[in-house]
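Spelled out, the chains give:
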Amino acid sequence: MTASATDILPTDQSIGDISRQLTGIPLHFPARRQWWIAMTIAIVLLVLFIVSVIELFTRGVGIWGLNVPVTWAFAIHNYVWWLGIGHAGTLISALLLLTGSEWRNSLNRFAETMTLFAVVCAGIYPVLHLGRPWYLYWMFPYPATMGVWPQFRSPLEWDIWAVLTYLSVSVLFWYTGLIPDLANARDRARRRGWQIFFGILALGWRGSTIHWSRWSRTYRIMAAIAVPLVVSVHSEISLLFAASQMPGWHSTLFPPYFVLGAAFSGFAVVSVIAVALRAMFGLGNLVTRDHLDVLGKVLLATGLMTGYGYVFEVVDTLYGGNSHDLQTLLNRTIGAYAWLYWGAVVFNFVPLQLLWWRIVRRTGWALLLISASVIIGMWLERYMILVTTLYRDFLVSSWRHYTPTFWDWSTYFGTIGLFLVPFLLAIRFIPVISIFETEKTLLDEQEARDG
Amino acid sequence: MTTLPKQWTSIEELAGDPAFAKKIAAEFPVAASFPPTARRDFLKIMAASLALAGLTGCEKSPFVAGIPYVDQPESALPGVPRHYATAVTLDGYAQPVLATTYDGRPTKLDGLPGHPATQGRSDVFMQAAVLQLYDPDRAQSPTRAGEPVTWTDVGAMFSDQRREWQKDGGKRLRLLLSQTTSPTLVRQIRELQSQFPAARVHLHDTSGERERIAHAIAAYGEPLDLHYQLDACSVVVSFDDDFLGPGPRQLLNAIKWAQARRRGDVPGIQLHCAESIPAATGAVASYRLRAAPSRMPHLVETLAARLGVVGASVNDLSAEERRWLDRTGAALNAAKGRALVTAGLGTGAQTARWVAQINETIGASGQTLKLTSPVADPGVATASLDELVIDMNTGQVDTLVILDANPVYTAPGSLDFASALSKVKTSIHIGLYRDETGHRGTWQLPLTHDLESWSDARAVDGAATIIQPVMTPFYDVRSRHQIMAMMLGRDQAADESVRKTWRDAFGESFDAKWQQALRDGLVAGNAPEIQATPVSGKIEPAPPGADGSDIAFRLDPTVWDGRFANLGWLQELPKPLSTLTWGNVVAVSPAWAREVEVENGDVLEIDIDGRKVSGPAWIMPGQADNTFGLWLGHGREQAGRVGDGIGYNAYSVRPAATPWLAQGAVRKLDRKETLAVTQLHHRMEGFDLVREVSVASPTLPAPSPQPSLYPPHPSAKNAWGMVIDIDSCIGCNACVAACTAENNIAVVGKAQVEMGREMHWLRIARYYVGDVETPRSYFQPVPCMQCEDAPCEMGCPVHATTHSPEGINQMVYNRCIGTRTCSSYCPYKVRRFNYLDYRYTPEAPAEPVHNPDVTLRSRGVMEKCTYCTQRIQAAHVAADKDNRDLRDGDVVTACQAACPTRAIVFGDINDPDSEVSKLRRSGRHYALLEKLGTRPRTTYLAKWNDGSDDEDDRT
Amino acid sequence: MTQIFSPTADTWLRLAVVGFLSACGASLVAAIGFARSSYVTSTDIAPHQPVPFSHRHHVGELGIDCRYCHADVERGPKAGLPPTATCMTCHSQIWTHAAMLAPVRQSLTENKPLRWTRVAKLPDYVFFRHDIHIAKGVGCVTCHGRVDTMPLTYRARAFTMQFCLDCHRDPTPNLRPADKITDMTWKPAGPPRDLGARIAAHVGIRSGELTHCYVCHR
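Residues numbered from 1 in each chain as written. Chains lettered and ligands numbered in written order. Predicted model: local features only at pLDDT ≥ 70, side-chain atom pairs only at ≥ 80, totals over all residues. Heavy atoms only, no water.

## Topic: the sheet that holds strand S23 (residues 586-588) of chain B
Residue and element names in this part refer to chain B.
Here's step 1: Taken in spatial order, the six strands line up as S21-S26-S23-S25-S24-S27 and close into a barrel, and their pairing is mixed. The sheet shows a mean angle of 45 degrees between the axes of neighbouring strands, taken without regard to direction.
Here's step 2: Relative to strand S25 (residues 611-619), strand S24 (residues 602-608) runs antiparallel, the two being bridged by six bridges. In the strand pairing of S25, Val 603 is matched with Pro 616. (Pairing = 2+ DSSP bridges. Helix = DSSP H or I, 4+ residues; strand = E, 2+ residues; numbered from the N terminus. Axes fitted to C-alpha atoms, helices over the stretch in contact; angles between N-to-C directions.)

## Some remarks on the interface of chain B and chain A
Here's step 1: Counting residues at the interface gives 58 residues for chain B and 56 residues for chain A.
Here's step 2: Buried surface at the junction of chain B and chain A, both sides included, amounts to about 4,600 Å², of which 56% is carbon and sulfur.
Here's step 3: At the junction of chain B and chain A, the tally comes to one salt bridge.
Here's step 4: Measuring nitrogen to oxygen at the nearest pair gives 3.2 Å for the salt bridge that ties Asp393(A) to Lys829(B).
Here's step 5: In this assembly, chain B and chain A are joined by 32 residue pairs in polar contact (both at pLDDT 80 or more).
Here's step 6: Of all the elements in the fold, those that place two or more residues in the side of chain B that touches chain A are helix H25 (750-754), strand S31 (763-769), helix H26 (791-795), helix H27 (821-825) and strand S35 (832-833) of chain B. (Contact = heavy atoms within 4.5 Å. Buried area = accessible area lost by both parts, 1.4 Å probe. Salt bridge = Lys/Arg side-chain N within 4 Å of Asp/Glu carboxyl O. Polar contact = N/O pair within 3.5 Å; in protein donor to acceptor, adjacent residues only side chain to side chain.)

## Here's the deal with the nonpolar core
Here's step 1: By size, the foremost hydrophobic cluster in this structure holds 301 residues, and its most contacted members are Trp72(A), Met114(A), Phe241(A), Phe281(A) and Phe553(B).
Here's step 2: If you tally residues by element for this core, the top one is helix H9 (residues 254-281) of chain A, at 15 residues.
Here's step 3: If you look at the next biggest cluster of nonpolar residues, it comprises 61 residues, including Leu230(B), Val341(B), Ala356(B) and Ile539(B). (Core = buried A, V, L, I, M, F, W, Y, C linked by side-chain atoms within 4.5 Å. Buried < 20%, exposed > 50% of the residue type's maximum accessible area, 1.4 Å probe, protein only.)

## Some remarks on helix H8 (residues 183-195) of chain B
All names here are of chain B.
Here's step 1: For H8, built from 13 residues, the straight-helix expectation of 18 Å at 1.5 Å per residue is met to within 8% by its first-to-last C-alpha distance of 18 Å.
Here's step 2: What H8 keeps buried is the set Pro 183, Thr 184, Leu 185, Val 186, Arg 187, Gln 188, Ile 189 and Leu 192.
Here's step 3: Of the surrounding elements, those touching the buried residues of H8 are strand S7 (173-177), strand S8 (200-203), strand S16 (399-403), strand S19 (455-458), helix H19 (480-487) and helix H20 (496-506). (Expected span 1.5 Å × (residues − 1).)

## Here we look at the environment of Ala334(B)
All names here are of chain B.
Here's step 1: Counting through the fold element by element, Ala 334 comes out in helix H13 (residues 319-334).
Here's step 2: Using a relative accessible area of 59% as the deciding quantity, one classes Ala 334 as exposed.
Here's step 3: For the pair formed by Ala 334 and Met 811, sequence separation is 477 residues and the distance between their alpha carbons is 54 Å.

## What to know about the sheet that holds strand S6 (residues 147-148) of chain B
All names here are of chain B.
Here's step 1: The strand order S6-S5-S18-S17-S16-S7-S8-S15 describes an open sheet built from eight strands, whose pairing is mixed. Only two strands of the sheet have a single neighbouring strand rather than two, namely S6 and strand S15 (382-384).
Here's step 2: Pairing geometry for S16 and strand S17 (residues 426-431), over five bridges, is parallel. Across the sheet, Ile 402 pairs through a bridge with His 429, a residue of S17.
Here's step 3: Helix-sheet contacts for helix H7 (residues 151-168) involve S7, S16, S17 and strand S18 (443-446), and the interaxial angle to S18 is about 125 degrees.
Here's step 4: On the sheet, H19 packs against S16, S17 and S18 and is oriented at approximately 160 degrees with respect to S16.

## Some points on the interface of chain C and chain B
Here's step 1: Of the residues lining the interface, 48 residues belong to chain C; the matching set on chain B comes to 56 residues.
Here's step 2: When chain C packs against chain B, close to 4,400 Å² is buried across both sides, 59% of that on carbon and sulfur atoms.
Here's step 3: Looking at the side of chain C facing chain B, the largest losses of area belong to Arg115(C), Tyr214(C) and Arg218(C), adding up to 20% of the total buried there.
Here's step 4: At the boundary of chain C and chain B, one finds three salt bridges.
Here's step 5: Between Glu806(B) and Arg206(C) there is a salt bridge; the shortest N-O distance is 3.9 Å.
Here's step 6: The interface formed by chain C and chain B contains 15 residue pairs in polar contact (both at pLDDT 80 or more).
Here's step 7: Elements represented by at least two residues in the side of chain C that touches chain B include exactly helix H5 (84-91), helix H6 (102-110), strand S1 (116-117), helix H7 (130-135) and helix H10 (192-203) of chain C.
Here's step 8: When grouped by side-chain class, the residues that make up the side of chain C that touches chain B number 20 nonpolar, 11 polar and 17 charged.
Here's step 9: The pairing of strand S1 (residues 65-66) of chain B with S1(C) spans two bridges and is classified as antiparallel. Residue pairing in the sheet places Gly66(B) in a bridge with Trp116(C) of S1(C). (Nonpolar A, V, L, I, M, F, W, Y, C, P; charged D, E, K, R; others polar.)

## Re the confidence of the model for chain B
Residues and elements named next belong to chain B.
Here's step 1: Taken residue by residue, chain B gives an average pLDDT of 88. The fraction at 70 or more is 92%.
Here's step 2: In this model residues 24-60 is a low-confidence stretch, pLDDT under 50, and it forms 85 contacts with partners more than four residues away in sequence or in other chains.
Here's step 3: Contacts from residues 950-955, a stretch scored under 50 in pLDDT, to residues over four places away or in other chains number eight contacts. (pLDDT = per-residue confidence, 0-100.)

## Points about the pattern of salt bridges
In a structure, side chains of opposite charge can pair up when their charged atoms sit close to one another.
Here's step 1: Counted according to the given criterion, the structure contains 72 salt bridges over all chains.
Here's step 2: Asp607(B) is paired through a salt bridge with Lys612(B); the nearest N and O atoms lie 3.5 Å apart.
Here's step 3: Using a relative accessible area of 47% as the deciding quantity, one classes Lys612(B) as partly exposed.
Here's step 4: Arg776(B) is the salt-bridge partner of Glu692(B), the closest N and O atoms lying 2.7 Å from each other. Placement of the pair is Glu692(B) in strand S29 (residues 692-693) and Arg776(B) in strand S32 (residues 776-782), with a sequence separation of 84 residues.
Here's step 5: Among the charged side chains, a network of salt bridges with common partners joins Asp290(A), Asp293(A), Lys297(A), Arg361(A) and Arg362(A).

## What about a nonpolar patch on the surface?
All names here are of chain A.
Here's step 1: Together, Leu 304, Leu 354, Trp 356, Trp 357 and Ile 359 give the surface a local cluster of nonpolar side chains, amounting to about 570 Å² of exposed area.
Here's step 2: Counting through the fold element by element, Trp 357 comes out in the loop between helix H12 (338-349) and helix H13 (358-361).
Here's step 3: A relative accessible area of 52% places Trp 357 in the exposed class. (Patch = residues over 30% accessible without salt bridge, like charges linked within 9 Å, V, L, I, M, F, W, Y side chains within 5 Å. Areas by Shrake-Rupley, 256 points an atom, 1.4 Å probe, with all protein chains shown as cover.)

## Quick word on the packing of H9(A) against helix H14 (residues 364-390) of chain A
Residue and element names in this part refer to chain A.
Here's step 1: Two numbers describe how H9 lies on H14: the axes approach to 8 Å, and their chain directions differ by 145 degrees. Where H9 crosses over H14, the two elements pack in a sense that is left-handed. In contact with Phe 254, Tyr 257, Phe 258, Gly 261, Ala 262, Phe 264, Ser 265, Ala 268, Val 269, Ser 271, Val 272 and Val 275 of H9, H14 contributes Gly 364, Leu 367, Leu 368, Ser 371, Ala 372, Val 374, Ile 375, Met 378, Glu 381, Arg 382 and Ile 385. (Left-handed = near helix turned anticlockwise from the far one by under 90°.)

## Considering the packing of aromatic side chains
Residues and elements named next belong to chain A.
Here's step 1: Evaluated as defined, the whole model comprises 64 aromatic pairs over all chains.
Here's step 2: Both rings, one in Trp 205 and one in Trp 212, keep their centres 5.0 Å apart while their planes meet at 90 degrees; by these two values the pair is edge-to-face.
Here's step 3: Taking relative accessible area as the criterion, Trp 205 reaches 10% and is therefore assigned buried.
Here's step 4: Residue Trp 212 is classed as partly exposed on the basis of its relative accessible area, which comes to 30%.
Here's step 5: Here the aromatic rings of Trp 379 and Tyr 383 are separated by 5.7 Å at their centres, their planes lie at 85 degrees, and the arrangement is edge-to-face. With Trp 379 and Tyr 383 both in helix H14, this residue pair falls four residues apart, about one helical turn. (Phe/Tyr/Trp six-rings, centres within 6.5 Å; stacked < 30°, edge-to-face > 60°.)

## Quick look at the environment of Phe394(A)
Here's step 1: Here Phe394(A) lies in the loop between H14 and helix H15 (406-429).
Here's step 2: The buried category is assigned to Phe394(A), whose relative accessible area is 2%.
Here's step 3: Separated by 71 residues in the primary sequence, Phe394(A) and Ser323(A) place their C-alpha atoms 9.8 Å from one another.
Here's step 4: Not counting chain neighbours up to four residues away, the residues in contact with Phe394(A) comprise Gln245(A), Met246(A), Pro247(A), His324(A), Trp399(A), Phe687(B), Pro827(B), Leu929(B) and Leu932(B).

Right under this line is the structure:
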């Protein structure tokens, strides 16, 4: 018997199988080898990160390729990039939860997990970026003996609050969603250690009706809070640039432009992880081709919207006709860093067009490659936005190029390790796919089928 | 007048205290490198100030030692600066200065107000002299073959020598002098010759003063100094004479130039300049002609012919040259009595003679040209360096005394002085450093720095200054007069011989006059004017253009002839037109670069009759074709930790016969060097960064008001503002050097400058407009604009940069956490960031030179121009203490004080009568990037375009 | 299936959560308090001195004016520690053999300064000037406390930026007539604000301009 067109999960599987399959992943882990290979790479990168940070704190940000005028580069650029990635998880989950799109249930868990660690990577960068990081706490309002407070007109000050709020809400949202599964894992755990571990995390969940009703209310409220946050946070990040007067930054286009770009890169990462885990844990029955198909569509949609941003940025400049903005536009398109601009355009939008074809969307490896290209493209875009504005701003006499040093790169790749290590641990020790939610979806579908 | 030696007696012991010495060592890494004797003296000097200042602020324990005097002198007032009038020297000429000292430690020099030769203004060398005082690489005690000896040994050596000299009246004794104007030294040299009549004195000067006098002799038949009276001119014509460029005469010329330029509502003086290698003078010229040096004689003779000088014949000229000569001839004819023609070194004797004739014809002499007997006169008949080398090689020299010169490095390569020196039995080098010559000499006797010497010298205008020490020497060194006295068989106190000279001069009431002279830093009276007429008679026609290319030699605009090579401040000072730091280049013309496919940094090999040197190319817009420029003063080997091995040594290919212009070949090597330049892009790209007005339309359009979301800041009584007159700026860098000295600007070194991390708070932006062959050049000093609606203030998350009620963007280092947002948001990019800890780099200035009123910035903090806020606060305190308002001129910023052309004016824009307010009402007044609505407090006066592309010319 | 947790586990968990949160709050308060403690501001600590000099005796009992020893206070930025010679003006006459004063005599004979330990010290990025404060009517006691009651000298007030700002924002309550500057016991007759306002007007204090950064930091 086959699934009807509306079904996203094959209905010919029993609920018990699913929960056994999913809770089984942490308890007796499949694909140990791949996991260890991935983990080794991750750890190497993490070590690289630690070394870079030690060097950074001992010698100062001068180890990077920064100069005047380019006082912002890799640190801010990767910060924005990571934060962008960190948007998909919550967006998918919350938004689709509210719109009641059932297919989300197979994706939200690891999407949210990914979000958390991406945001952590993002959150680290502003600290590394500081000339005197040990005074970071001056950015927080507290009754200081100096009688001085933070400067609340500064986009950086807004930034701190935006990111911290987003991080905490994401954590809560993720954890709330996790509770029933933790209980499930607790009940299936055999060893005492696991039982206590999951037991405490499950907060004594018994799955009673009252639990369920309270839980779903909480979960939806959190989602309702999270969605506007996703938008506000990245809009705020964009103000880091738009609030200045620099040519190429000073534009009302930036907030939506950044939010869409964030979602775009985020969904790309989700797709990559979806395809990877699907292959790694043989979850074909839960993350089905239909899921990939939907992901492909979302990716295409957000991509096209981002593309609109590109187009409008040019139109805006030409229409505005400010000589300095035009200068910057030229620097971007034909200047020393033109490869960044065109690189971003190519990586972001050219492979993307393949997603118009259903077959491509439904082919794992194709989706994976396209998503990877998008991730690179978005990285180039953030680089481009920062450097092409700063290296040639208003006064010709201060124009100067920027070249990243070894430490720029090592810090960046290091953060990838910082992201992978906890993420791999997470998929190792907690259910990667929301058990009860998939079960619920399946149940509904089966009922629908049996009529 | 100084009473310093007395002051320090109270703390000698303190200096000996080991615990304290340890603290000093921590505070002054420099001191650690001193030999014991010098170290003790140094500590002695430093002790009081340090002790009272509290050694350092970052001590772990909250309770630090407080060390008072045992017996505090009346004059000592800890933390309050005292000022002394004295002088430093450049090429032997006095640069009269007012030295600012804190607790006995000089930290800043400014031109001496009221002195005719400086009028309170300064140049880069004067500003940097104080850094040389503390140079840890100075020779710190006498040495014999490199081994430290005592001055007693030196005394013994001299008495032995004297016995030798007496045998044959000093026949085998030679004295090699650098250029000097010191009456006392002249007296001592005379005395030496009277004691040893057979001894010969040779003169070696690197700066071309001898050639100047030789030209004067050729033109007027007697040795003369030519003093340009630019303030009396309305037309000046320069043949490759960079009289506004660096050198002892720059200050005086620039001051007078600016006076003339500002005469009336329209430019009061026009400059016609035929120039081979672009320099300051050509950059400000109204009509500039690109011409190879070897063309100058032809051009000047043709000009003479047009002005009807007898015997002058018209040479064949290019259209470009003819056009320029037409205009120039007409201008001179129209301005007889108010015009002046000048010729530079390397243009040859014929040029000098034609110029003299022309000046006679246009009635310059007495009006715009003042002649005096040479200010720099050794007082005895002297022979040249070439003759000395011949005698040395032929073994006629047993004892060679080299006084304050470094011939092994600075002698033309063709002489090969080093090998000649090795043939001398005893060579005694007397100098500030144990330099190339000092290392090869038998004895090296360290000199005191001018700021720790009793001496005297004359300024370029002939006025004498008695040089008094502003601190006791902290190395084991002696002044040149003490050492000369030893040669004369006496052992004298530092000031004795100087006093003797002036006792003779002043006659009765010596003490009063002496005190007066010390207080004023000036002895009344200067060189008397001389009436001289050009020698008549036929002037041989200029030789036809020789084969090979013209290779012109120039002294480096920042390290001069190499004597300042170890001063980080000067090495890192961007050179006027190229903005190059840390090194020298070979300037080539754009056309040649295109032809040979040379880019900036490609290494070129210069070959002058067989001697070769190679250096990186620099394509100089506006440079004459077939002409190459080499800069002397780099490629030092024994300069010290900062100056060694930077750039190439152009002396090595310098011909002794024609030291300023040679013929040679240039070829491209396939190597490339990275050049540390501070400005990479020089075209204005069609932006109106530098604006121009012409006589036809002398006012700029009024700016449209820019709306702002923020309410205007309430203003205090004083609102500070600055106006910079682009028309007056000659790009001399004095302001940048002064800012560096005043505000403890870090020296970051070549590598960091290459990365774009120089720390100068004030940069002189340089732009070219027009085609690369004959561009118009502009200098635009860019300090912090102190915007009233400042993007930086809005960006900082921690209130580290805020707005003061007097309208200054305050940068608070100790609050800064280094987000660098302010710099990202700054449209003018005037902020500088401490990417690394630049306080203790190898190139960093010695600690004692730092201004104690300005914080040393640590790693990770932003910094920028503060309008010299420490001076503003000091003025406020002074005014508040006697409860009065500030007057215009109470606050003078370092850059403003230094500027020789008074292009920078600072003051209170709330006071309608202040000079700055008046300038802000001028028709030439405009704000940089005013469309951004930042409302800068630092604004500009547009440049007068009275040159080649104004209306009358286009028709 | 056996129970993993005892029935009280929930309670414990709740307690743990509450405890954790209150601990966070408490530590925050503690940190803020610590920053103001005399340990950090190093007030009320009389460090060791080569000579146990008593301000109480010299100022309180003998009534020697502050400026007799701290002579630069009106002329320059630093009040100045008295040179040995100043001590000896009296102690060459009285207590000439007191053991307590041996270091002073030694300092003079050996021409080697006394090494006091500074009690009032500001960070080196603070550019404080005594002379202007004296000129504008800020008394010694305002910052240095009742020195005349200190047998051994200690820092009476915490020199935090807040402390400076309070007065720079509103100097009036702390101003006194010029002849009362060094008076340790002087109290204004009426309400301090009225007198202060009059003095401020008279000496021309630039109120509102004293709080901007460059007044103290450069």
